[in-house]
Amino acid sequence: MRAHPLIGQAVAIGDRRPYVTALIVLDEEVAPQWARTHGVSDPQLPTLASDPVLLAEIQAAVDAANARLARPEQVKTFQVLPSAWTPESGELTPTLKLRRRVIVDRYGDRIDALYRPGDAVAEPVTE
């Protein structure tokens, strides 16, 4: 998924879960440019995280990634988060590696929501 230019960061969640889900963070530089080219009036990340056209683009990226994976490894649902992950916010190390434990702790409610019927890509949660 991270190969897609709109996706800045993504983390797959699936340990001791019935299927794989993902939290996705938009690229802070590419997403606003994409918004301007696609006529989105507000190019801010919180607005883009719930934009239906952008969500369809992210869904296409997830579908493309899933095409290369075995069925049990495929991402079934995802959520685009309204803010970037940075070393300062704690989700990334200074070398820009994901801090999975921090992400799972901080976004536990959102992760749990991805396993409830009706809570997924079509209903993003904003901060």
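The structure displayed is predicted, hence computed values, not measured ones.

## Overview of the confidence of the model for the protein chain
Now for step 1: Residues of the protein chain with pLDDT of at least 70 account for 92%, and the chain-wide mean is 90.
Now for step 2: Ranking the elements of the protein chain by mean pLDDT puts helix H2 (residues 45-48) last with 92 and strand S2 (residues 20-26) first with 97.
Now for step 3: Across residues 122-127, confidence stays below pLDDT 50; counting only partners more than four residues off in sequence or on other chains, it has 18 contacts.

## A look at the packing of aromatic side chains
Now for step 1: Following the criterion strictly, the structure yields 2 aromatic pairs and no others.
Now for step 2: Ring centres 5.9 Å apart and planes at 45° place the aromatic pair tryptophan 85 and tyrosine 107 in the tilted group. Here tryptophan 85 is found in the loop between strand S3 (75-81) and helix H4 (100-106), whereas its partner tyrosine 107 is found in the loop between H4 and helix H5 (108-113), with 22 residues between them in sequence.
Now for step 3: Using a relative accessible area of 5% as the deciding quantity, one classes tyrosine 107 as buried.

## Section: the nonpolar core
The nonpolar side chains of a soluble globular protein tend to be buried, and buried together.
Now for step 1: Leu23, Ile24, Leu26, Ile58, Phe78, Val80 and Trp85 are the most contacted members of the largest nonpolar core, which totals 35 residues.
Now for step 2: With 6 residues, the top contributor of residues to this core is S2.
Now for step 3: Every residue in contact with tryptophan 85, bar those within four places of it in the chain, is listed here: Gln9, Val11, Leu23, Val25, Glu91, Leu92, Leu98, Ile103 and Tyr107.

## Points about the sheet that holds S3
Paired through backbone hydrogen bonds, the strands of a sheet run either parallel or antiparallel to each other.
Now for step 1: Spatially, the 3 strands line up as an open sheet ordered S1-S2-S3, and their pairing is mixed. If you trace the sheet from one side to the other, it starts and ends with strand S1 (7-13) and S3, each paired once. In this sheet, adjacent strand axes meet at a mean angle of 25° when their direction is disregarded.
Now for step 2: Across 6 bridges, the pairing between S1 and S2 is antiparallel. From the neighbouring strand, isoleucine 7 faces S2, where its bridge partner is leucine 26.
Now for step 3: Running at roughly 140° to S3, helix H3 (residues 52-66) makes contact with S1, S2 and S3 of the sheet.

## Some details on helix H1 (residues 30-37)
Now for step 1: Within the sequence span of H1, burial applies to Ala31, Pro32, Trp34 and Ala35. Projected down its long axis, H1 shows its buried positions confined to an angular sector of 160°, all on one face. Residues of H1 that are exposed and point over 90 degrees away from its buried face: Arg36 and Thr37.
Now for step 2: Of the surrounding elements, those touching the buried residues of H1 are S2, H2 and H3.

## A word on the environment of proline 72
Now for step 1: Here proline 72 shows up in the loop between H3 and S3.
Now for step 2: For the pair proline 72 and valine 62, spaced 10 residues apart in the sequence, the C-alpha separation amounts to 14 Å.

So, how was this worked out
Residues numbered from 1 in each chain as written. Predicted model: local features only at pLDDT ≥ 70, side-chain atom pairs only at ≥ 80, totals over all residues. Heavy atoms only, no water. pLDDT = per-residue confidence, 0-100. Helix = DSSP H or I, 4+ residues; strand = E, 2+ residues; numbered from the N terminus. Contact = heavy atoms within 4.5 Å. Phe/Tyr/Trp six-rings, centres within 6.5 Å; stacked < 30°, edge-to-face > 60°. Buried < 20%, exposed > 50% of the residue type's maximum accessible area, 1.4 Å probe, protein only. Core = buried A, V, L, I, M, F, W, Y, C linked by side-chain atoms within 4.5 Å. Pairing = 2+ DSSP bridges. Axes fitted to C-alpha atoms, helices over the stretch in contact; angles between N-to-C directions. Arc of directions from axis to C-beta.

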